[in-house]
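Chain residues, written in single-letter form:
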Amino acid sequence: GVPIVFLTAWYGLVELGRLRAGESVLIHAAAGGVGLAATQLARWLGARVLGTASEGKWDVVRDAGVAAGDVFSSRSLDFEHGVLAATRGRGVDLVLNSLAGPFADASLRLAGAGGGGRFVELGKTDIRDAGQVAAAYPGVQYQAFDLMVLDPDRVRAMLSELIGLFERGVLSPLPTTVWDVRRAPEALRYVSQARHVGKVVLRAPRPLNPDGTVVVTGG
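Residues numbered from 1 in each chain as written. Predicted model: local features only at pLDDT ≥ 70, side-chain atom pairs only at ≥ 80, totals over all residues. Heavy atoms only, no water.

Participant: Can you tell me about the packing of helix 1 (residues 3-16) against helix 7 (residues 152-167), naming the residues and giving the values?
Facilitator: Helix packing geometry: the angle between the two helix axes and the distance between the axes. Between helix 1 and helix 7, whose axes approach to 10 Å, the crossing angle comes to 100°. Here helix 7 runs roughly perpendicular to helix 1, going by the angle between their axes. For the pair helix 1 and helix 7, the contacting residues are F6, L7, W10, Y11 and E15 in the first and R154, V155, M158, L159, E161, L162, L165 and F166 in the second. Taken together, the residues of the contact of helix 1 with helix 7 break down into 10 nonpolar, no polar and three charged. (Axes fitted to C-alpha atoms, helices over the stretch in contact; angles between N-to-C directions. Helix = DSSP H or I, 4+ residues; strand = E, 2+ residues; numbered from the N terminus. Parallel < 35°, antiparallel > 145°, perpendicular 65-115°, else oblique. Contact = heavy atoms within 4.5 Å. Nonpolar A, V, L, I, M, F, W, Y, C, P; charged D, E, K, R; others polar.)

Participant: Talk me through the packing of aromatic side chains; I want residue IDs and the actual numbers.
Facilitator: Given two aromatic rings, one states the distance between the centres and the angle between the planes to describe the pair. Tallied over the entire structure, the rule returns six aromatic pairs. Look at F6 and F166: their rings are 5.0 Å apart centre to centre, the planes differ by 75°, and that puts the pair in the edge-to-face class. Here F166 lies in helix 7 and F6 lies in helix 1, a separation of 160 residues in the sequence. Judged by relative accessible area, F6 falls into the buried class, the value being 1%. (Phe/Tyr/Trp six-rings, centres within 6.5 Å; stacked < 30°, edge-to-face > 60°. Buried < 20%, exposed > 50% of the residue type's maximum accessible area, 1.4 Å probe, protein only.)

Participant: Describe the sheet that holds strand 1 (residues 24-27), listing the residues and the values that go with them.
Facilitator: The strand order 3-2-1-4-5-6 describes an open sheet built from six strands, whose pairing is parallel. In the strand order of this sheet, the two ends are held by strand 3 (71-73) and strand 6 (141-144), each with one partner. Across the sheet, the mean angle from the axis of one strand to that of its neighbour is 15°, orientation sign disregarded. With four bridges joining them, strand 4 (residues 94-97) and strand 5 (residues 118-121) adopt parallel strand pairing. (Pairing = 2+ DSSP bridges.)

Participant: Tell me about the pattern of salt bridges, residues and numbers included.
Facilitator: If you walk through the whole model with that rule in mind, you get 12 salt bridges. Note that R20 and E23 form a salt bridge whose closest N and O atoms lie 2.9 Å from each other. Here R182 makes a salt bridge to D180, at a shortest N to O gap of 2.8 Å. (Salt bridge = Lys/Arg side-chain N within 4 Å of Asp/Glu carboxyl O.)

This is how it looks when you write it as structure tokens:
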């Protein structure tokens, strides 16, 4: 429930997004695992966080510290107009994206509204060519990444940074929904329907102690 989501959020916001205090970031799926982790990190960095989520999860995003007027629906393209209104037409400095198709296009416009921002792609279903993005949205810096191909030493360094933040109480573990690993198909279906808040994790059943005793009732 901690390593992958916080590593993804750190790499996207700090390493690639270069988010700084006083800037603004739009975090899509802000009630999900990476979204909630990124919200914690962005607020620690001193950035203004705007987020999208399904309306039933807005309270989760607000409870994470996002202002009520900075939370928008991830199910409608209206979030583009909402973000522009909230930022007085400036858009955002950074988009942490996990949406696709016209939702990604709307987010790219928000990154370019202020004269050029950064767009970090977390998803896998709509990866764009950075050169084509730059041509279509002048000034926008586009970057997609895969955490699994990073150098292990780089991952170790980022984990060390995160551990320090947890030890200092800056970060806290996310809410988790736990499934027995034998129910993995059910858990994956739950995730695919975007019904979860925070992180979904699988737990291996505890094996029986071979030196212990088992009582079978009704035998």
